[in-house]
Amino acid sequence: MFFVQNLVWGGQVILLAGHLDQLRFDGRQISYVLATSSVAAAISPLIAGWLADRYFAGQRVAGVCYLASAPLLWLAWRQTEFTPLLGLMLLYSLLHAPAMSVLNAVALRHLPDRRHFGRVRVWGSIGWISISCALSLYLRLWEGWDPDSSHLGDGLVIAAGLSVLMGVYCLTLPHTMPQQTSSRPLAFLAAFRFLRVRSFAVLLVTAFLASAMMPFSYNFSFIFFTDTAAGPGVSASTASLVLTLGQLAELPLMPLLSVLIVRLGLRRTIFLGLLAQAVRSLVLALGGPLWTLIAAQALGGVVIVCFIVAATIAMDHLCPKDERASAQGLLVFALRGVGPLLGHMLAGQAFDLFTFADGTHQWGWIFFFPGAISLATAVGFLLLFRNPDTRQEAD
């Protein structure tokens with residue numbers, strides 16, 4: 001399930017920034033299109049909770065969302081103007097984000113032991129790597145057959161076909177009846193009262209700041225690597241593979257996370273993830289040599305495991321057991337919603353600000369800003385976050 005889910009997700013997003021750049025969209029337009037996923041992530045708890053928790057079977061909600069997504073992706077593939085493409089991608093994201101949340105709930109409801117969720121979820125990373133390699137091969141074939149044509153937008157129509165496959169598959173999943181709970185979709189707002197706890201506030205602010213810096217690399221790394229004037233100038237097929245190194249690094253790191261938490265504690269483990277994000281951006285800002293730029297992409301796996309996953313674990317340790325769901329919802333709201341949403345706006349402004357009239361880019365400044373902010377965030381977290389029982393709790 002997670003394998004096919006990430007085939008769809010990766011299919012539409014991996015090449016999207018490059019496609020928008022070739023359509024001559026400016027930095028703000030590129031970021032606005034990519035920000036639709038953050039808008040959807042910010043409100044998906046409302047949609048997913050309202051539909052799947054109270055009224056409809058989870059697998060049907062997910063199936064309908066994926067089937068309805070397919071024509072939207074196909075129509076987006078045919079667009080060359082900003083406004084209709086933005087509208088279609090927003091509609092797609094509003095369907096895709098709830099489907100992902102619902103499928104997480106479906107998996108957890110039917111797993112005999114929830115502690116095995118990580119072993120199941122890793123197939124999502126494998127799916128992402130698979131579609132990235134497939135798209136790279138697809139582009140490499142076209143580069144040989146017709147090097148003057150562009151096929152970066154084909155990821156959208158490929159994702160449309162995979163979305164149909166995923167929608168049909170979802171309808172075959174075990175029946176997952178709504179729980180008919182009285183839980184409130186905005187229950188995560190109750191966790192704001194924990195901001196008076198220092199470490200909780202530090203972790204939440206850190207998550208917001210760090211996630212706000214992520215769109216700089218997510219939105220523009222592909223364009224940077226394929227830039228023949230001011231960047232490395234590698235082929236689109238090579239860039240697609242290079243940007244998969246983060247997911248490849250994630251696979252061996254995930255099983256080691258518990259060891260890292262025991263050895264380093266949660267504070268230093270999260271700091272390691274934040275530091276990896278800063279180093280990745282600063283290496284891109286330096287602009288070379290090429291092998292350092294490629295190697296730095298593997299740090300994305302460290303960010304995911306040591307920061308995002310470890311922060312989720314830390315949040316559980318900071319809150320009472322009966323308040324953890326609300327706290328996790330607030331963390332997700334910061335990490336995947338409002339933080340990246342701000343980041344998309346800033347990244348688009350920076351991209352346009354440091355682009356010359358002839359279209360060349362000052363990549364050093366574009367990547368230095370998020371690198372410097374990420375580094376300051378990492379140091380601030382290390383100095384301010386306190387959790388004296390992290391080693392014990394990690395056990």
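Structure first, text after, so check above.
Residues numbered from 1 in each chain as written. Predicted model: local features only at pLDDT ≥ 70, side-chain atom pairs only at ≥ 80, totals over all residues. Heavy atoms only, no water.

Asker: Would you take a moment to explain the overall build of the chain for this structure?
Answerer: Within the chain, the regular secondary structure consists of 16 helices and zero strands. Here the chain holds 395 residues, and 49% of them are scored as buried. Sequence separation of at least 24 residues holds for 83% of the intrachain contacts in the chain that already meet a minimum separation of 6. Of the accessible surface of the chain, which amounts to about 17,700 Å², a share of 66% is contributed by carbon and sulfur atoms. (Helix = DSSP H or I, 4+ residues; strand = E, 2+ residues; numbered from the N terminus. Buried < 20%, exposed > 50% of the residue type's maximum accessible area, 1.4 Å probe, protein only. Contact = heavy atoms within 4.5 Å. Areas by Shrake-Rupley, 256 points an atom, 1.4 Å probe, with all protein chains shown as cover.)

Asker: Help me understand the packing of helix α11 (residues 257-286) against helix α15 (residues 363-384) in this model?
Answerer: Here α11 crosses α15 at 165°, and the two axes come no closer than 7 Å. When the axes of α11 and α15 are compared, the pair comes out roughly antiparallel. Read as a crossing pair, α11 and α15 show a hand that is left-handed. Grouping the constituent residues of the contact of α11 with α15 by class yields 18 nonpolar, six polar and two charged. (Axes fitted to C-alpha atoms, helices over the stretch in contact; angles between N-to-C directions. Parallel < 35°, antiparallel > 145°, perpendicular 65-115°, else oblique. Left-handed = near helix turned anticlockwise from the far one by under 90°. Nonpolar A, V, L, I, M, F, W, Y, C, P; charged D, E, K, R; others polar.)

Asker: Is there a simple way to think about the packing of aromatic side chains in this case?
Answerer: Two numbers describe a pair of aromatic rings. These are the distance of the centres and the angle of the planes. As enumerated under the stated definition, the model contains 16 aromatic pairs in all. Taking 5.7 Å as the distance between ring centres and 55° as the angle between the ring planes, the aromatic pair formed by F216 and F369 counts as tilted. Of this pair, F216 sits in helix α8 (residues 198-225) while F369 is found in helix α15, placing the two residues 153 residues apart along the sequence. Since its relative accessible area comes to 0%, F216 is described here as buried. Classification of F369 by relative accessible area gives partly exposed; the value is 39%. Ring pairing ties together the aromatic residues F220, F224, F225, F351, W363 and F367, which thus form one cluster. (Phe/Tyr/Trp six-rings, centres within 6.5 Å; stacked < 30°, edge-to-face > 60°.)

Asker: Just checking my understanding: could you explain unusual backbone geometry for this structure?
Answerer: Keep in mind that most residues, glycine aside, have a negative phi and that most peptide bonds are trans. Across the junction of G288 and P289, the peptide omega takes the value 5°, indicating a cis bond. The phi torsion at R24 lies on the positive side, around 70°, for a residue other than glycine. Along the chain, the position of R24 falls in the loop between α2 (16-22) and α3 (27-52).

Asker: Mind showing me how you'd approach α15 here?
Answerer: Think of an α-helix as turning once every 3.6 residues; residues three or four places apart then point the same way. An ideal rise of 1.5 Å per residue puts 32 Å on 22 residues; α15 measures up with 32 Å between its terminal C-alpha atoms. For α15, every residue scored as buried is listed here: W363, I366, F367, P370, G371, S374, T377, A378 and F381. (Expected span 1.5 Å × (residues − 1).)

Asker: Just to check I follow, could you spell out the packing of helix α1 (residues 2-13) against helix α7 (residues 154-170) for this structure?
Answerer: For any two helices packed against each other, one specifies the crossing angle of their axes together with the interaxial distance. With their axes 7 Å apart at the nearest point, α1 and α7 run at an angle of 160° to one another. Comparing the axis directions of α1 and α7 gives the class roughly antiparallel. Handedness of the crossing formed by α1 with α7: left-handed. Here V4, Q5, L7, V8, G11 and Q12 of α1 come into contact with α7, specifically with G155, L156, A159, L162, S163, L165 and M166. Across the contact of α1 with α7, the residue classes tally to eight nonpolar, five polar and no charged.

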